[in-house]
Protein chains: 2
Amino acid sequence: MTTQTAKSTKDRILDAAEALFAEHGYDGTSLRGVTGQAGVNLAAVHYHFGSKAALFEAVFRRRVEDVNAERLSKLDELEARGPEHPPSLEEVLEAFLGPVLRLSARRDDEGWRRFMQLVGRCNSVSGEHMEPLRQVFQQVAARFFPAFLRAVPHLREKDLYYRLHFLIGSMSTLIADPLRIQIHSEGLCRSDDPDEVLRHLVIYAAEGFRAPTPVR
Amino acid sequence: MTTQTAKSTKDRILDAAEALFAEHGYDGTSLRGVTGQAGVNLAAVHYHFGSKAALFEAVFRRRVEDVNAERLSKLDELEARGPEHPPSLEEVLEAFLGPVLRLSARRDDEGWRRFMQLVGRCNSVSGEHMEPLRQVFQQVAARFFPAFLRAVPHLREKDLYYRLHFLIGSMSTLIADPLRIQIHSEGLCRSDDPDEVLRHLVIYAAEGFRAPTPVR
DNA sequence: GTCTGAGGCAAACGATCGTTTGAATCGTAC
DNA sequence: GTACGATTCAAACGATCGTTTGCCTCAGAC
């Protein structure tokens, strides 16, 4: 029910593939299912993309740059304030998590929610088709690493690696299955309100990051 | 290279299925691959289990009771000390996370590591075959909920639901791909040392749980 | 008009999937 | 030895998979 009903064949395939890959995974999705939902011919996917694997790659290439550019842009803004105004831990967390959580809960664009669901799925699975996606997100995390380190200078690098990994795990499961927290909390937690989820996660992670370094 | 080379056909199928389901997922695993790795005939899986879905269920039924019984047993121990000695937050976290993390890194039993990898994968994916597994782990989390609530009495139920969900996300990604943190940290974090991972996660989560409740 | 190339189409390719069949093989009780 | 239930086996079933083929349509160049 989008305003544009005259999408190109390529985009219709991408939309359908995005939804089905996110819901059923790579192996659980058939090209006949994709082309059936897209309303196009089966051979069109090979004509426009070449193969199923290439289609999968095209699905995530379409959006991955946008979300990570937004995260890095927010980080750049924080660092551009100069060394006399170092960003707070909460600000770095906001830049790291905010774009991801907000895009995964956009009510006006179901495509982004599905894409983020796909990202969360790939982040949790060691599948072979998903390595390039994981690498891109890992590079963003690596860019954030020194900013986090400056915001919590009492941590050793090793401690920060652990805690950043814990944080990524929380973020991944949030976007991989946004409805789950709402179901488990019997509706107390509203997963369709990204700002509330973000507020809770930032407070939780900030105190976690500020925890003392393990002694032993 | 196990000491027992004389395993039954049923167990050989379960071992091979556990490894392949954990690595490639349900749809990415073929029964021919399972029986090939197990060294048994293809029809044996239908003779002993009935179907591929039933085999998948048998794989996780074999171990799921053990790990969750251990977690609940630890919780019972803590609560048996009586209301005058309430368990600390760190103790509840230890009971909740310890058995899972330790089993997922056992050096003497690769089967447990693979099983935990499968659990982590299912915990992150909304696949249809994995609902019973997720429900079992969710019931355990529900049992832990009041213990957590007593350990951090300043939290509203809603806050605890959020933070418990964040914690489960961290735990799931840890066991779904144990090697990832070691790779990303360039070897600084040793994922084959469950006690160290547990120590870091308990400290991180404890401070996160103790964070104040969001104001707005 | 004719030619051209991009794109859409039905149909089929060989491979692999989960599942089923029916006979061969085994140990064991009689 | 014989009968019998339990297990294993090779072979095939129909369905579905990703991929390819060849032909059709059609808008723009000349």
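### Quick look at the protein's contact with DNA strand C
Then step 1. Around DNA strand C there are 15 residues in total, and A:Thr9, A:Tyr47, A:His48, B:Arg32 and B:Lys52 lie nearest to it.
Then step 2. Within 4 Å of the protein, the contacting atoms of DNA strand C are drawn from sugar and phosphate to the extent of 50%.
Then step 3. At 3.5 Å from a base nitrogen of DNA strand C is found a side-chain nitrogen or oxygen belonging to A:Arg32.
Then step 4. For the surface near DNA strand C, the elements supplying multiple residues, two or more each, are helix H3 (44-48) of chain A together with helix H2 (31-38) of chain B.
Then step 5. Residues that form the surface near DNA strand C fall into these classes: five nonpolar, seven polar and three charged.

### Notes on the relation of the copies chain B and chain A
Then step 1. Of the transformation superimposing chain B on chain A, the axial component is 0.0 Å and the angular component is 180°, with the fit at an RMSD of 0.0 Å. These values place the two chain copies in the arrangement generated by a two-fold rotation axis.
Then step 2. A high fraction, 100%, of the interface residues of chain B reappear at the interface in chain A, so the copies pair face to face through one surface.

### A few points about the interface of chain B and chain A
Then step 1. Contact residues are listed per partner, giving 52 residues for chain B and 53 residues for chain A.
Then step 2. Interface of chain B and chain A: buried area, both sides summed, is about 5100 Å²; carbon and sulfur atoms make up 61% of it.
Then step 3. Summed over the three residues of chain B that lose the most area to chain A, namely B:Tyr162, B:Phe166 and B:Tyr204, the buried surface amounts to 16% of that side.
Then step 4. For the pair chain B and chain A, the number of links is four salt bridges.
Then step 5. Taking the shortest distance from any N to any O, the salt bridge between B:Asp177 and A:Arg134 comes out at 2.9 Å.
Then step 6. At the boundary of chain B and chain A, one finds 15 residue pairs in polar contact (both at pLDDT 80 or more).
Then step 7. Contributions of two or more residues to the side of chain B that touches chain A are made by helix H1 (9-24), helix H6 (110-124), helix H7 (131-151), helix H8 (157-176), helix H9 (178-184) and helix H10 (194-210) of chain B.

### Digging into the confidence of the model for chain A
Then step 1. Across chain A, the average pLDDT comes to 92, with 96% of residues at or above 70.
Then step 2. The model gives residues 1-5 of chain A a pLDDT under 50, and that stretch makes zero contacts with residues more than four places away or in other chains.

### Brief notes about the protein's contact with DNA strand D
Then step 1. The environment of DNA strand D is formed by 15 residues, the closest being A:Leu31, A:Arg32, A:Lys52, B:Thr9 and B:His48.
Then step 2. A breakdown of the atoms of DNA strand D within 4 Å of the protein gives sugar and phosphate a share of 48%.
Then step 3. The side chain of A:Lys52 places a nitrogen or oxygen atom 2.8 Å from a phosphate oxygen of DNA strand D.
Then step 4. Within the contact set of DNA strand D, a phosphate oxygen lies 3.3 Å away from a side-chain nitrogen or oxygen of B:Asn41.

### Structural notes on the domain arrangement of chain A
All names here are of chain A.
Then step 1. Each assigned domain of chain A is listed with its residue range as follows: domain 1 (1-50) and domain 2 (63-210).
Then step 2. Averaged C-alpha coordinates put domain 1 and domain 2 at centres separated by 28 Å.
Then step 3. Facing eight residues of domain 1, the contacting portion of domain 2 comprises eight residues.
Then step 4. Buried surface at the junction of domain 1 and domain 2, both sides included, amounts to about 760 Å², of which 54% is carbon and sulfur.
Then step 5. On the domain 1 side of the contact with domain 2, Glu18, Ala22 and Tyr26 bury the most area, a combined 64% of that side's loss.
Then step 6. At the boundary of domain 1 with domain 2, the tally comes to one salt bridge.

### Quick notes on the nonpolar core
Then step 1. A:Phe148, A:Leu167, B:Phe148 and B:Leu167 are the most contacted members of the largest nonpolar core, which totals 143 residues.
Then step 2. Those residues in contact with A:Leu167 that lie beyond four places of it in its chain are A:Leu93, A:Phe96, A:Leu97, A:Phe148, A:Leu201, A:Ala205, A:Phe209 and B:Tyr204.

### Quick word on the packing of aromatic side chains
All names here are of chain B.
Then step 1. This structure, assessed with the given rule, holds 25 aromatic pairs over all chains.
Then step 2. Aromatic side chains Tyr26 and Phe56 sit 5.4 Å apart centroid to centroid with 90° between the ring planes, which places their arrangement in the edge-to-face category. Of this pair, Tyr26 sits in the loop between H1 and H2 while Phe56 sits in helix H4 (residues 52-79), and the two are 30 residues apart along the sequence.
Then step 3. Residue classification places Phe56 among the buried positions, given a relative accessible area of 2%.

Cut-off values and rules
- Note that residues are indexed from 1 along each chain, following the sequence as it is written.
- Naming scheme: in the order in which they are written, chains are lettered from A and ligands are numbered from 1.
- Note on the predicted model: pLDDT of at least 70 is required for a residue's local features to be given, and 80 or more for side-chain atom pairs to be given and counted; whole-chain, interface and lining totals, by contrast, use all residues.
- With hydrogens and water excluded, all non-hydrogen atoms of the structure serve as input to the side-chain values.
- Proximity is defined per residue: any heavy atom of the residue falling within 4 Å of a molecule or strand makes that residue near it.
- Two N or O atoms count as a polar contact when they lie within 3.5 Å, although within protein this holds only if one can serve as hydrogen donor and the other as acceptor, and sequence-adjacent residues are included solely when both atoms are side-chain atoms.
- Only DSSP runs of H or I reaching four residues or more are called helices, and only runs of E reaching two or more are called strands; each is numbered from the N terminus.
- When residues are grouped by polarity, Ala, Val, Leu, Ile, Met, Phe, Trp, Tyr, Cys and Pro land in nonpolar, Asp, Glu, Lys and Arg in charged, and all others, Gly among them, in polar.
- Copies are brought into register by a least-squares superposition over C-alpha atoms of residues with pLDDT of at least 70 in both.
- Contacts are assigned to residue pairs with any non-hydrogen atoms lying within 4.5 Å of each other.
- Summed over both partners, the accessible area lost on bringing two parts together, with a 1.4 Å probe, is the buried area.
- Each reported salt bridge corresponds to a side-chain nitrogen of Lys or Arg within 4 Å of a carboxyl oxygen of Asp or Glu.
- As a per-residue quantity, pLDDT reports the predictor's confidence and falls between 0 and 100.
- Domains are outlined according to an automatic or database domain assignment.
- Throughout, nonpolar core names a set of buried Ala, Val, Leu, Ile, Met, Phe, Trp, Tyr and Cys residues whose side chains join them through atoms within 4.5 Å.
- Residue exposure (1.4 Å probe, protein chains only): buried if accessible area is under 20% of the type maximum, exposed if over 50%, otherwise partly exposed.
- Note on aromatic contacts: the rings of Phe and Tyr and the six-membered ring of Trp form a pair at centre separations within 6.5 Å, being stacked when their planes are under 30 degrees apart, edge-to-face when over 60 apart, and tilted otherwise.

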